[in-house]
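Descriptive analysis of the structure
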Amino acid sequence: MKEIDITKAIYEEYGRKLLGHLENDVVVVGTGPAGLTVGYYLAKSGMKTAILEKRLSIGGGIWGGAAGWNVITVEDKGILDEIGVAAQKKGDLYVADAVELATALGYKAKKAGAEIFTLIEVEDIILQEDRVKGVVVNSTSIRASGLLVDPFCIAGKYVIDATGHQAELVNMIRRKKPDFHPGQLQEGFMDVERAETGVVEKAGEIFHGLYVAGMSVCSVFNPPRMGPIFGGMLKSGKKVAELIRDRI
Ligand code: 48F
């Protein structure tokens, strides 16, 4: 075995993955519970799906459960059952292990056919003819270094903002088109029941070609915050995947 063969193997395989996903049916931005769930259901229904994550690892807020205690809660365990995550009943809720959920969601999305790219940060969107057509990305380390190095692009017929509380893609449109969403990007006061329903009801297309799922829905539509319960995140992801599947 030669050292250089290891480098060649990695470079060729990464090149294959990237070339295979420069054009997609759907580009999902963010690998929290919402992004991974959308990615899983989209890929499962045969759509060419790229999932982009700026951090080194997937999972977003799943790992932290509540206050760093790595246990998550849901009110309905249907999606957990589907991806093989064990859930125990506690009163009106189910509890599950955060590590099991993060790894299972990533594994199932990948096995269903989605390609996941980490350390890739979306810094802008491609918006032409009043429609979102893809994203402008760079290496997270280049972004962090502050170097002015030009990005590259990944195209998608649809793009999903699953970037969490920051709703980063929605913000990118707002910065250049202030009339698009003149309100505040923040959720309201805590009210778990209304929030869990609201995040699913409002998940959907926010601009031609751009969908919101998960916490970015809350930032955009200002429902109450829900705290450490993840059912709405998963269900909003599943709903967005179904909406897009029905359009393609
Ligand atoms: O924050 P995150 O987990 O969002 P979510 O899927 O779930 C929210 C819950 O985790 C929790 C909650 C539950 O009730 O409130 O907060 O809506 O995952 C968002 C992911 O997007 C990545 C970020 O690193 C995280 O992993 N992300 C954010 N901005 C970018 C990005 C970007 N510009 N480019 C690529 N990835």
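Look up: the structure comes first, before these words.
One structure accompanies this document, and this report is about it. On a predicted model such as this, the values are computed, not experimentally measured, just so you know.

Cut-off values and rules
Residues numbered from 1 in each chain as written. Predicted model: local features only at pLDDT ≥ 70, side-chain atom pairs only at ≥ 80, totals over all residues. Heavy atoms only, no water. Buried < 20%, exposed > 50% of the residue type's maximum accessible area, 1.4 Å probe, protein only. Helix = DSSP H or I, 4+ residues; strand = E, 2+ residues; numbered from the N terminus. Contact = heavy atoms within 4.5 Å. Near = heavy atom within 4 Å. Polar contact = N/O pair within 3.5 Å; in protein donor to acceptor, adjacent residues only side chain to side chain. Areas by Shrake-Rupley, 256 points an atom, 1.4 Å probe, with all protein chains shown as cover. Nonpolar A, V, L, I, M, F, W, Y, C, P; charged D, E, K, R; others polar. Pairing = 2+ DSSP bridges. Axes fitted to C-alpha atoms, helices over the stretch in contact; angles between N-to-C directions.

**Here we look at helix α7 (residues 192-202)**
Within the span of α7, buried status applies to A195, E196, G198, V199 and V200. On its buried face, α7 is in contact with α8 (215-221) and α9 (231-247).

**A few points about the site of the ligand**
Taken together, 27 residues surround the ligand, and among them E53, G61, E168, M215 and G227 come closest. At a separation of 3.0 Å, an oxygen atom of the ligand approaches a polar backbone atom of A34. G227 has a polar backbone atom sitting 2.9 Å from an oxygen atom of the ligand. Burial of the ligand by the protein chains amounts to 93% of its free accessible area of 730 Å². At the level of elements, α2 (33-44) and β7 (120-128) are the ones that each hand at least two residues to the shell around the ligand. A total of 3 residues in the shell around the ligand trace back to one element, the largest contributor, which is β7. Of the residues belonging to the shell around the ligand, the class tally is 12 nonpolar, 10 polar and 5 charged.

**Remarks on the sheet that holds strand β3 (residues 71-74)**
Read from one edge to the other, the open sheet built from 3 strands follows the order β3-β5-β4, with strand pairing classed as antiparallel. Both edges of this open sheet fall to β3 and β4 (88-90), since each of them pairs with a single strand only. Here the strands of the sheet are splayed against their neighbours by 35° on average, with no regard to which way each runs. Where β3 lies against strand β5 (residues 93-97), 4 bridges are found, and the strand directions are antiparallel. Across the sheet, residue I72 finds its bridge partner in β5, namely A96. Those strands touched by helix α4 (residues 98-112) are β3 and β5, and its axis lies near 75° from that of β5.

In short, geometric facts, not functional conclusions.
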